[in-house]
Amino acid sequence: MNDRATKNSSLSLPLLFVRNLWSMATGTLALMILFNAIGVLRAGDRIVAQVRDFFSAPPPQPQVEPSNLIVHQVRSASELTTAVFAMEAVVPTHKDRTLGKLVVGKTSLLYTAYGEVRAGVDLSQFTASNLRTENNTLYVQLPAPKILDSKIDVNRSEVYNYNRGFLNLGPDAAAELQTLAQRETLDKIVKNACTQGVLDDANERAELVVTKILSTAGYSDVRVQTTPPDLQACQAASVGV
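Owing to the predicted nature of the structure, the values given are computational and were not obtained by experimental measurement.

Rules of the game
- Residues numbered from 1 in each chain as written.
- Predicted model: local features only at pLDDT ≥ 70, side-chain atom pairs only at ≥ 80, totals over all residues.
- Heavy atoms only, no water.
- Patch = residues over 30% accessible without salt bridge, like charges linked within 9 Å, V, L, I, M, F, W, Y side chains within 5 Å.
- Areas by Shrake-Rupley, 256 points an atom, 1.4 Å probe, with all protein chains shown as cover.
- Salt bridge = Lys/Arg side-chain N within 4 Å of Asp/Glu carboxyl O.
- Helix = DSSP H or I, 4+ residues; strand = E, 2+ residues; numbered from the N terminus.
- Pairing = 2+ DSSP bridges.
- Polar contact = N/O pair within 3.5 Å; in protein donor to acceptor, adjacent residues only side chain to side chain.
- Disulfide = S-S within 2.5 Å.

So, on to a nonpolar patch on the surface. A contiguous nonpolar surface patch, about 290 Å² in accessible area, is contributed by L99, L102 and V104. Relative to the assigned elements, L99 resides in strand β1 (residues 79–99).

Written as structure tokens, this is what we have:
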């Protein structure tokens, strides 16, 4: 009896060892599987988070080219009036009444007019080709100055004298002669403005104004270069009423 028990006991020891070893291996394998599962889940979470961040990222902010910004700043000034020439002129006009080739009457009108001429630079066509940068210095080439406008101040102008001649035989042409006088006045004022250097004044002041406009462009130095005026074009720039 004791021998059988001893024999059974000796036989159960290896079985018990194998059983314990199997339990340990199974537990270790389970832990490895669990840890791998946790790692996969965490990796999946990271991938999901990266994908979510990729699609939910804010759109990039629009970038403005410095040259385009400068062009916009300059163009905002549009027709930059930098000089005004004012003048008062007395202009005589007349119109004859004829019978065949014989003058039988004359109407004369003396008009005292006050007019103004605006000169400056038209910046509406300013482009990036007018810009150049070198060693953090901005060079700007302005277009040539020109006559932007001329006008008669009708509130300060008047017909000084109107005469239809002997027995009022001259034609009744007050409105026609006044309009002619205003046109002649404008032409005279524009020519005087050009002769007295209104375009040179416009150039000098345009240089100062544009330099001030671009002083905040971020460049350490701004050099504004002007274009010499065309005096012949100036003389032909009178605007009729």
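Another point: the pairing of strand β3 (residues 131–134). Bridge count for β3 against strand β4 (residues 137–141) is four bridges, and the pairing is antiparallel. Looking across to β4, one finds that L131 is bridged to V140.

We now examine the side chain of Q182. Mapped onto the elements of the fold, Q182 is located in helix α3 (residues 174–195). Within the structure, the side chain of Q182 is placed 3.0 Å from the side chain of Y111, a separation counted as a polar contact.

Next up on the list: the state of the cysteines. Taken as a whole and assessed by the stated rule, the structure comprises one disulfide. Between the sulfur atoms of C194 and its disulfide mate C234 the distance is 1.6 Å. Here the S-S torsion is close to -85°, and the disulfide linking C194 with C234 is therefore left-handed. With C194 in helix α3 and C234 in helix α5 (residues 231–235), this residue pair connects regions lying 40 residues apart in the sequence.

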